Amino acid sequence: MQAKIVTVFNQKGGVGKTTTTCQLAGTLGWRGYDVLVADMDPQQTTTSWLTNADEGYKFPATLWVGHHYGNKVMDELKILSRKYDLIIVDCAPAVDNPSTWASLLVSDLAIIPTKLTPADVTALPAALELAKKARIESGFDFPVRILGTAYRKTRADERMMLESISNNARYPEFTVLPTQLGDRVAFTRAMLSGATAHSMPKPGEAIAELDFLADSVCELLGIPSEKGE
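Since we're looking at a predicted model, the values are computed, not measured.

Conventions adopted
- Residues numbered from 1 in each chain as written.
- Predicted model: local features only at pLDDT ≥ 70, side-chain atom pairs only at ≥ 80, totals over all residues.
- Heavy atoms only, no water.
- Core = buried A, V, L, I, M, F, W, Y, C linked by side-chain atoms within 4.5 Å.
- Buried < 20%, exposed > 50% of the residue type's maximum accessible area, 1.4 Å probe, protein only.
- Helix = DSSP H or I, 4+ residues; strand = E, 2+ residues; numbered from the N terminus.
- Contact = heavy atoms within 4.5 Å.
- Pairing = 2+ DSSP bridges.
- Right-handed = clockwise from strand over helix to strand, strands pointing away.
- Axes fitted to C-alpha atoms, helices over the stretch in contact; angles between N-to-C directions.
- Parallel < 35°, antiparallel > 145°, perpendicular 65-115°, else oblique.
- Left-handed = near helix turned anticlockwise from the far one by under 90°.
- Polar contact = N/O pair within 3.5 Å; in protein donor to acceptor, adjacent residues only side chain to side chain.

Visitor: So what exactly am I meant to see when it comes to the nonpolar core here?
Guide: Within soluble globular proteins, side chains that are nonpolar generally end up buried alongside one another. Counting 39 residues, the largest nonpolar core has Phe9, Leu77, Ile87 and Ile165 as the members making the most contacts within it. The set of elements that each furnish at least two residues to this core consists of strand E2 (35–39), helix H3 (73–80), strand E4 (86–90), helix H4 (98–105), strand E5 (109–115), helix H6 (124–138), strand E6 (144–149) and helix H7 (156–166). Of the residues forming this core, the biggest block, 6 residues, is contributed by H6. Among residues more than four places away in sequence, those in contact with Phe9 are Lys17, Cys91, Thr100, Leu104, Ala110, Ile111, Ile112, Pro113, Ala127, Leu130 and Ala131.

Okay, structure coming up:
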């Protein structure tokens, strides 16, 4: 089986790419999948997350620091796809980065995380356009989904922003995922501990959000929600 490749990217930094990557990868790892986390960002935030685990925590995925490979990323991902069930790629915050383009060309799914502020949402068109070009270039209409992060559903302005994104007439096939990731303390604690929210005390609604996200991703990829089902 060739690994399913999920590319997590955006033009803007600070929108929750690394949180999405690591929490999703960890959730799927806990479900029995052999997951590779590919860190394509030179800032190496994902690398720090996965390698700085507190004593007693074990992250259920393997790390690959891929940003060193530049234009060879696509070839490396194809080789690695023979060894894992899933590859989750955390891209650099720039749509013109060669590794982002290379990852999209071999993707089975692209996720664009964004916070729901005007400044963050302004960056979405560049990411959506890149995904559109990658689907044309690859000849594969892989699904592209937008994920709200640090979402506060009690905020009317954020709910309106999410609705506005959902009704984007220019990219009607690039829809919003049915769940968003809230502004959860458990997500921050998990990053500082080198773990996922599943290992955090009193995670609140964080685990339910991650499970819903993982279920949605598995459905889009056409794989069981747990390995072996």
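Visitor: Sorry if this is basic, but what is going on with the pairing of E6 here?
Guide: Look at any regular strand and the pattern is simple: side chains alternate between the two faces of the sheet. Burial analysis of E6 places 6 of its 6 residues in the buried class, the great majority of the element. Residues of E6 alternate between two faces, with Val144, Ile146 and Gly148 on one and Arg145, Leu147 and Thr149 on the opposite face, all of them buried. The sheet contact formed by E5 and E6 spans 6 bridges and is parallel. Across the sheet, Ile112 pairs through a bridge with Ile146, a residue of E6. Across 2 bridges, E6 lies against strand E7 (residues 175–176) in parallel orientation. The partner of Ile146 across the bridge, within E7, is Val176. Once the chain exits E6 it traverses H7 before rejoining the sheet at E7, and the crossover so formed is right-handed.

Visitor: Where do I start with the packing of H4 against H6 in this structure?
Guide: Helix packing geometry: the angle between the two helix axes and the distance between the axes. Two numbers describe how H4 lies on H6: the axes approach to 9 Å, and their chain directions differ by 50°. When the interaxial angle is binned, H4 and H6 end up oblique. Helix-helix and strand crossings are classified by hand; for H4 and H6 the assignment is right-handed. Here Thr100, Trp101, Leu104 and Leu105 of H4 lie close against H6, whose contacting residues are Leu130, Lys133, Ala134, Glu137 and Ser138.

Visitor: Would you mind going over the sheet that holds E2 with me for this structure?
Guide: Backbone hydrogen bonds hold the strands of a sheet together, and the pairing may be parallel or antiparallel. Strand order in this open sheet of 7 strands is E3-E2-E4-E1-E5-E6-E7, and the pairing throughout is parallel. In the strand order of this sheet, the two ends are held by strand E3 (62–65) and E7, each with one partner. With respect to the sheet, H3 is in contact with strand E1 (4–8), E2, E3 and E4, its orientation differing from that of E3 by roughly 160°.

Visitor: How should the side chain of Thr7 be read in this particular structure?
Guide: Here Thr7 lies in strand E1. Looking at Thr7, its side chain comes within polar contact range of the side chain of Ser103, at 2.6 Å. Looking at Thr7, its side chain comes within polar contact range of the side chain of Ser107, at 2.4 Å. Contact partners of Thr7, with chain neighbours within four places excluded, come to Val89, Cys91, Ser103, Leu104, Ser107, Leu109, Ala110 and Ile111.

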